[in-house]
Amino acid sequence: MTAASQDLPCLNLESPKTLELSPLLSELQDRGPIHRVRTPAGDEAWLVTRHAELKQLLHDERIGRTHPDPASAARYVRSPFLDLLISDSDAETGRRQHAETRRLLTPLFSARRVLEMQPKVEAVADALLDAFIAQGPPGDLHGELSVPFALTVLCEVIGVPPERRGDLISVLSGIAKLDDRAGAERAQQELSAFVEGLVQLKRAEPGPDIISRLSDGELPDARVAHLSMGLLFAGLDSVASILDNGVALLAIHPEQRKAALADPDVMSRAVEEVLRTARAGGSVLPPRYASEDMEFGGVTIRAGDLVLFDLGLPNFDGRAFDEPGEFDVSRAPNPHLSFGHGIWHCIGAPLARMELKTMFTKLFTRLPDLRLELPVDELQQKEGQLSGGFSELRITW
């Protein structure tokens, strides 16, 4: 390690204040659009900090998930699950595989299909809220509502039968561990075997779910299982953590919450504002590498360099947003990048938006006096986990 590399800014996984951008990230954003940094894994990488530049790179096919030597490639964190995302194929093959994955999955989350799912999502929300409210205050919104809601909807969509959902949360939590690689690898193997069993089941008894649709063709079982594992892992924690953060934000802004409840259009904008601000506390960044040398933002990115796309950071760029540190449910337009953009836009975004709007509307309608038990600054985030967000969110009403 050179003296110069020792002086690089070091990233961490948590923000000092849960719903605010960390001072380090804010400073880097002010200083320029891209910086050489040291990751939590101790490796060097490029961090893109500004909205316009990140949006540009999200369209750039020279950045992808291929690396000539995945074992030695720089990492943001050490995770066997994220290692699965790195391919040793050539860049052109990687681009073709990425496009093929999007071609397979995008129709499964179309606007029409999401509209068809809405009655089921509303029924899931109502049933969970009935049980949550019946227990009486206070309650842990994260463990008793956000996670069960995200998991149940995800299992319905992907095709996990109710009788086989019991151990999924513990398995997915095991995969997310950053301080127990052996345990994470065991959990990953367990999930792989679990999903491969579902694929075989759906080939024999198909239904109106994602695994059945992916299995209704020539894709090998391993490919269907790999895609389904990614959807399960990404879909659970992302929706649950954004739900938590959104409830916290709306709880501490009662007038804005009232305005959102009074008008479905304002609630839709509130969802977008939650999405814009909910990732301020930082998140684990999936691996992406330059496939060739390239000049960008006044620096030279070398082939094989790790390039970090923090999708929350550009949402606080004052060049793209007025008063970016303020939570404002009337914000329009709201060109946040929380779902990525271009070739890296989140396929499940329509479903996530519908889930968030459904739960925010039902929760605050039924619990108009909902409030946090602790000040925002005292809320505890998960530690040693690939997935971010709160470890619990105690609320009362």
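That block above? That's the structure.
Note that this is a predicted model, so its numbers are computed, not measured.

Turning to the sheet that holds strand E8 (residues 307-309), a few remarks are in order. One open sheet holds the three strands; their spatial order is E1-E2-E8, and the pairing between them is mixed. The sheet is open, and its two edges are formed by strand E1 (34-38) and E8, each paired on a single side. On average, adjacent strands in this sheet sit at an angle of 35° to one another, irrespective of strand direction. Two elements, strand E2 (residues 44-48) and E8, share three bridges in a ladder whose sense is parallel. In the sheet register, Leu47 faces E8, and the bridge partner there is Leu308.

Turning our attention to the nonpolar core. Ranked by internal contacts, the top residues of the largest apolar core, which has 108 residues, are Phe149, Leu191, Leu214, Leu308, Phe360 and Leu363. Ranked by residues supplied to this core, first place goes to helix H11 (residues 221-251) with 17 residues. Excluding its chain neighbours within four sequence positions, the residues that come into contact with Leu191 are Leu168, Val171, Leu172, Ile175, Met229 and Leu232.

In this section: the pairing of E1. On any regular strand, side chains alternate: one points to one face of the sheet, the next to the other face. In terms of residue burial, E1 counts as a mostly covered element, since four of its five residues are buried. Sheet analysis places E1 next to E2, joined by five bridges and oriented antiparallel. Residue pairing across strands places Arg36 opposite Trp46, the latter belonging to E2.

End to end, helix H6 (residues 111-134) covers 34 Å across 24 residues, agreeing with the expected 34 Å (1.5 Å per residue, within 8%). Taking the largest bend as the criterion, H6 deviates by roughly 40°, centred on Gln118, and proline Pro119 comes between one and four positions later. Lining the buried residues of H6 we find strand E4 (139-140), helix H7 (141-158), helix H10 (210-215), helix H14 (349-366) and strand E10 (394-396).

Structurally, Ala150 is set in helix H7. Along the primary structure Ala150 and Leu236 are separated by 86 residues, whereas in three dimensions their C-alpha atoms are 5.5 Å apart. Those residues in contact with Ala150 that lie beyond four places of it in its chain are Leu236, Val239, Ala240 and Glu355.

We now examine the pattern of salt bridges. Scanning the entire structure with this criterion turns up 24 salt bridges. Across the pair Glu61 and Arg95 runs a salt bridge whose closest N-O atoms are separated by 4.0 Å. Separated by 34 residues along the polypeptide, Glu61 in the loop between helix H3 (51-57) and strand E3 (63-64) and Arg95 in helix H5 (residues 91-105) bring together distant segments of the chain. The class for Arg95 is partly exposed, based on a relative accessible area of 27%. Note that Arg276 is salt-bridged to Glu273, the shortest N-O span being 2.9 Å. Separated by three residues within a single helix, Arg276 and Glu273 lie in helix H13 (residues 264-277), roughly one turn from each other. Residues participating in the shared-partner salt-bridge network are Arg36, Arg38, Glu44 and Asp305.

Here is what the cut-offs are and how they apply
Residues numbered from 1 in each chain as written. Predicted model: local features only at pLDDT ≥ 70, side-chain atom pairs only at ≥ 80, totals over all residues. Heavy atoms only, no water. Pairing = 2+ DSSP bridges. Helix = DSSP H or I, 4+ residues; strand = E, 2+ residues; numbered from the N terminus. Axes fitted to C-alpha atoms, helices over the stretch in contact; angles between N-to-C directions. Core = buried A, V, L, I, M, F, W, Y, C linked by side-chain atoms within 4.5 Å. Buried < 20%, exposed > 50% of the residue type's maximum accessible area, 1.4 Å probe, protein only. Contact = heavy atoms within 4.5 Å. Expected span 1.5 Å × (residues − 1). Bend = angle between axes of the 7 residues up to and from the residue. Salt bridge = Lys/Arg side-chain N within 4 Å of Asp/Glu carboxyl O.

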